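Survey of secondary and tertiary structure
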Amino acid sequence: MMLAFPLFLCSLLGIAGLFALKEWESRRDRVVFPALRRAMDAHTLRLVELLAALQADIEKLPPEIAHASRLAVHESALAAASLLRFLSVQAHALADLVSHKHAFKRRAPRSEFLKKVIEHKNGGGERNE
């Protein structure tokens, strides 16, 4: 904010000065620094042409940005999936390392209670009706 206000004030005074110079020139029918004026007019015309070409290029920019962002999201999703797969494998390796069994194998339960629960879930329990 400390820089914006003085910059705005200088710009405003510069524009007001240019309008005052133009008014003074039109009253006196005289042009101040004609060679400089012609050079500045030539630079201004080149700038206008450059801005027109830039506007045409900017109109092409949104579809290119959309395509690039789609590619970036796709690549980041693939990288995240690869990282998560790697972490999953490492988590299983760590679990095997710290486990006293080292290789989990499913077997029948030894507990009578668990055997009855499994039998009941499988529909093997008899009902007295």
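Each value, and the rule that gives it
Residues numbered from 1 in each chain as written. Predicted model: local features only at pLDDT ≥ 70, side-chain atom pairs only at ≥ 80, totals over all residues. Heavy atoms only, no water. Helix = DSSP H or I, 4+ residues; strand = E, 2+ residues; numbered from the N terminus. Buried < 20%, exposed > 50% of the residue type's maximum accessible area, 1.4 Å probe, protein only. Contact = heavy atoms within 4.5 Å. 1 Å grid on protein atoms, 1.4 Å probe; cavity = no way out; pocket = protein on both sides within 12 Å on 5 of 7 lines; lining within 4 Å. Points joined across faces, edges and corners; volume = space filled by probe spheres on them. Nonpolar A, V, L, I, M, F, W, Y, C, P; charged D, E, K, R; others polar. pLDDT = per-residue confidence, 0-100. Salt bridge = Lys/Arg side-chain N within 4 Å of Asp/Glu carboxyl O. Patch = residues over 30% accessible without salt bridge, like charges linked within 9 Å, V, L, I, M, F, W, Y side chains within 5 Å. Areas by Shrake-Rupley, 256 points an atom, 1.4 Å probe, with all protein chains shown as cover.

Within the fold, Glu-25 resides in helix 1 (residues 4-28). Since its relative accessible area comes to 7%, Glu-25 is described here as buried. The residues touching Glu-25, leaving out its near neighbours within four places in the chain, are Arg-30, Val-31, Val-32 and Arg-37.

Another point: the layout of surface pockets. Taken as a whole, the largest pocket spans an internal volume of roughly 230 Å³. Taken together, Leu-18, Phe-19, Leu-21, Lys-22, Glu-25, Val-32, Phe-33, Leu-36, Arg-37 and Met-40 make up the full set of residues lining the largest pocket. At the level of secondary structure, the elements contributing two or more residues to the lining of the largest pocket comprise helix 1 and helix 2 (34-98). At 5 residues, helix 1 tops the list of elements feeding residues into the lining of the largest pocket. For the lining of the largest pocket, a count of residues per class yields 7 nonpolar, no polar and 3 charged.

Across the protein chain, the average pLDDT comes to 88, with 91% of residues at or above 70. Taking the mean pLDDT of every element in the protein chain, the minimum, 85, falls on helix 3 (residues 112-121) and the maximum, 95, on helix 1.

A word on unusual backbone geometry. Of note, Asp-29 is a non-glycine position whose phi angle comes to about 50 degrees, a positive value. Along the chain, Asp-29 falls in the loop between helix 1 and helix 2. Even without being a glycine, Phe-33 presents a positive backbone phi close to 50 degrees. Residue Phe-33 is classed as exposed on the basis of its relative accessible area, which comes to 60%.

Considering all chains together, one arrives at 3 salt bridges under this definition. Between Arg-27 and Glu-23 there is a salt bridge; the shortest N-O distance is 3.1 Å. Pair noted here: Arg-27 and Glu-23 are both in helix 1, with a separation of 4 residues, about one helical turn. You can call Arg-27 exposed: its relative accessible area is 66%. Given the relative accessible area of 40%, Glu-23 is considered partly exposed. Between Glu-112 and Lys-115 there is a salt bridge whose closest N-O contact spans 3.7 Å. Of this pair, Glu-112 and Lys-115 both sit in helix 3, 3 residues apart, which is roughly one turn of that helix. Judged by its relative accessible area of 38%, Lys-115 is partly exposed.

This part is about a nonpolar patch on the surface. On the surface, a cluster of nonpolar side chains totalling about 530 Å² of accessible area is made up of Phe-5, Phe-8, Leu-9, Leu-12 and Leu-13. Residue classification places Phe-8 among the exposed residues on the basis of a relative accessible area of 51%.

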